[in-house]
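Structural overview for review
The primary structure of each chain is shown beneath.
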Amino acid sequence: MDPIEELELQKIVVDNEEPNNRSKEKSITTTTREVVPRAKRNYKWWIRVTAYIFFLIVGQTTATILGRLYFTKGGNSKWMATFVQSAGFPILLPLLFFFSDSSTATTSTKPNLSILITFYIAYGLILTGDNLMYSYGLLYLPVSTYSLLCATQLAFNAVFSFFINSQKFTPFILNSLVLLTIAASLLAINGDSDEGTGISKGKYVIGFLCTLGASATYSLSLSLVQLTFEKVIKRETFIVVLNMQIYSSFVATCGCVVGLFASGEWSSLTKEMNEYEQGSVSYLMNLTWTAIMWQISSIGLLGLIFQVSSLFSNVISTLALPIVPILAVVIFHDRVTGVKARKRSFTIMSPGPSYML
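In this report, the structure presented in the accompanying data block is examined. Here, residues in each chain are numbered from 1, in the same order as that chain's written sequence. Reporting in this predicted model follows two pLDDT cut-offs: at least 70 for local features of residues, and 80 or more for side-chain atom pairs to be given and counted; totals over whole chains, interfaces and linings ignore these cut-offs and use all residues. Derived side-chain values reflect all non-hydrogen atoms in the structure, with water molecules and hydrogen atoms excluded from consideration.

Attention now moves to the overall build of the chain. Runs of H or I in DSSP of at least four residues are treated as helices and runs of E of at least two as strands, each being numbered from the N terminus. Of regular secondary structure, the chain possesses 15 helices and zero strands. Residue exposure (1.4 Å probe, protein chains only): buried if accessible area is under 20% of the type maximum, exposed if over 50%, otherwise partly exposed. Within the span of the chain, comprising 357 residues, buried residues form 48% of the whole. About 17800 Å² of surface is accessible on the chain, with carbon and sulfur atoms providing 67% of the total. Accessible areas in this description were obtained via Shrake-Rupley with a 1.4 Å probe; residue shielding takes into account the shown protein chains only.

This is the structure:
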């Protein structure tokens, strides 16, 4: 064969092999990128996840009980109950300054500022509506019924995670969906089991629908937050979690202030405080600690979304819900009927198999 033809033939072979080599390198890189998150799960990762779980469970349980106590002892402002769910964000500001230097040093890429601001505003407004619906639920439902109904958020989150976060449906997740759907249906059909609590049928329906709507909105927001962490922010620092909580809570608080004045409820707050059954000091302490506990809960929630996934954070949140009815029986003397007992067993069973990391 002519030397020139040999050289041309070798060039063709090399050119054909290069795309394959590049695809192999790309495949190796992709595989490595997928393995990295699990490789980072050292003891520090487990400590962070454990701390976030503790914050979520303690904060959520305490804030829910305090929120119901506010209404039980004479509080009647739905916008004030909504306001305290986001107004505690200033307690996080010292942490923002404390972690700012270390996070800046490790930042490699910065997200688009306009997109980030738009998300903070949208997420904050979603929180305002979501918290208001939760306030209606706490006002019109016994706290045991309210907390058990909130467990449906896991079912909603599984659906949203499937469409938004590409979460795969496993048999365990489907099991959770079925159990929680049955449990919510039991509460809807047997609303008469809460008769004797002083709640009218109409208010019960409003509370039921608002809590169900709040659970759906809450689950949607978790999936959107996870999507933002993955596609927009793309940074692995605690400052990211703080920024998300502080800025969105600021927007939500501003929305609550507007609602408080627009509804006219602000004019009755002084009278409400003076007529509070346990006194004005107890009134202020209740609102203060409710605000603090919700912030602690939110840090735990966002931290778990950041470290694991929105579905996992919702699993932990749902696992904490059965604690509230037990405390409600002791504190508020809520009745536990057969329907609620079955609902509680469904709630405990449903997230257990879905517990995944």
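Checked against the element boundaries, Thr152 lands in the loop between α6 (143-149) and α7 (153-164). Here a polar contact is taken to be a pair of N or O atoms separated by no more than 3.5 Å, where protein atoms must pair a possible hydrogen donor with a possible acceptor and residues adjacent in sequence count only if both atoms sit in side chains. At a separation of 2.8 Å, a polar atom in the side chain of Thr152 contacts the main-chain carbonyl oxygen of Leu149.

This part is about a nonpolar patch on the surface. Surface patches are defined over residues having more than 30% relative accessible area and no salt bridge, joining like charges when they lie within 9 Å and nonpolar side chains (Val, Leu, Ile, Met, Phe, Trp, Tyr) when within 5 Å. Throughout this description, the term salt bridge denotes a Lys or Arg side-chain nitrogen within 4 Å of a carboxyl oxygen of Asp or Glu. Taken together, the side chains of Val159, Phe162, Phe163, Phe169 and Leu174 make up a nonpolar region of the molecular surface, amounting to roughly 450 Å² of accessible area. Looking at which element gives the most residues to the nonpolar patch, the answer is α7, with three residues. By the element assignment, Phe169 lies in the loop between α7 and α8 (171-189).

Only Phe, Tyr and Trp rings are paired, with Trp represented by its six-membered ring, and only when their centres lie within 6.5 Å; those with planes under 30 degrees apart are stacked, over 60 edge-to-face, the remainder tilted. Tallied over the full model, the rule gives 16 aromatic pairs. Relative to Phe238, the ring of Tyr52 has its centre 6.4 Å away and its plane inclined at 15°; by these criteria the two rings are stacked. With a gap of 186 residues between them, Tyr52 in helix α2 (residues 43-72) and Phe238 in helix α10 (residues 238-263) connect regions that are remote in the sequence. Overall, the relative accessible area of 5% leaves Tyr52 in the buried class. Centroid distance Tyr70 to Tyr283: 6.0 Å. Interplanar angle 45°. Geometry classified as tilted. A residue pair is termed long-range when its members are at least 10 positions apart, and Tyr70 in helix α2 and Tyr283 in helix α12 (residues 280-307) qualify at 213 residues.

The next thing to look at is helix α13 (residues 310-320). Across the 11 residues that make up α13, a large majority, 10, are buried. Within α13, the full set of buried residues consists of Ser310, Leu311, Phe312, Ser313, Asn314, Val315, Ile316, Ser317, Thr318 and Ala320.

On to the environment of Asn165, then. Inspection of the secondary structure puts Asn165 in the loop between α7 and α8. Sequence separation of Asn165 and Leu311 is 146 residues, and the distance between their C-alpha atoms is 9.6 Å. Contacts between residues were defined by any pair of non-hydrogen atoms, one from each residue, lying within 4.5 Å. Apart from residues lying up to four places away in sequence, Asn165 is in contact with Phe160, Ser223, Gln226, Leu227 and Ser310. Within the structure, Asn165 has its side chain in polar contact with the backbone oxygen of Ser223 (distance 3.1 Å).

Now for α7. In this analysis, the expected span of each helix is defined as 1.5 Å times one less than the number of residues it contains. Between its terminal C-alpha atoms α7 stretches 16 Å, which fits the 16 Å expected from 12 residues at 1.5 Å a residue. Within α7 the residues assigned to the buried category are Gln153, Leu154, Ala155, Asn157, Ala158 and Ser161.

This next bit is on the environment of Thr50. With respect to the helices, strands and loops of the structure, Thr50 is situated in helix α2. In this structure, the C-alpha to C-alpha distance between Thr50 and Gly300, residues 250 residues apart in sequence, is 9.4 Å. One polar contact links the side chain of Thr50 to the main-chain carbonyl oxygen of Trp46, over a distance of 2.7 Å.

Time to look at the nonpolar core. Membership of the largest hydrophobic core comes to 66 residues, with the highest contact counts inside it found for Met80, Val225, Phe229, Met244 and Leu304. Leave out the neighbours within four places in its chain, and Leu304 touches Val49, Tyr52, Ile53, Leu56, Ser309, Phe312, Ser313 and Ile316. To qualify as a nonpolar core, a set must consist of buried Ala, Val, Leu, Ile, Met, Phe, Trp, Tyr and Cys residues joined through side-chain atoms within 4.5 Å.

Moving on: the packing of α7 against α13. Two packed helices can be described by the angle between their axes and the distance between those axes. Relative to each other, α7 and α13 sit at 175°, their axes nearing to 9 Å. Taken together, the axes of α7 and α13 are roughly antiparallel relative to one another. Side by side, α7 and α13 meet where Gln153, Leu154, Asn157, Ala158 and Ser161 of the first sit next to Ser310, Leu311, Asn314, Val315, Ser317 and Thr318 of the second. Charged means Asp, Glu, Lys or Arg here, nonpolar means Ala, Val, Leu, Ile, Met, Phe, Trp, Tyr, Cys or Pro, and polar covers whatever is left, Gly included. Considered class by class, the residues forming the contact of α7 with α13 number four nonpolar, seven polar and no charged. Axes, fitted as lines to C-alpha atoms, cover a helix only where it is in contact. Angles between the N-to-C directions of the axes lie from 0 to 180 degrees. For classification purposes, an angle smaller than 35 degrees is called roughly parallel, one larger than 145 roughly antiparallel, one from 65 to 115 roughly perpendicular, and anything else oblique.

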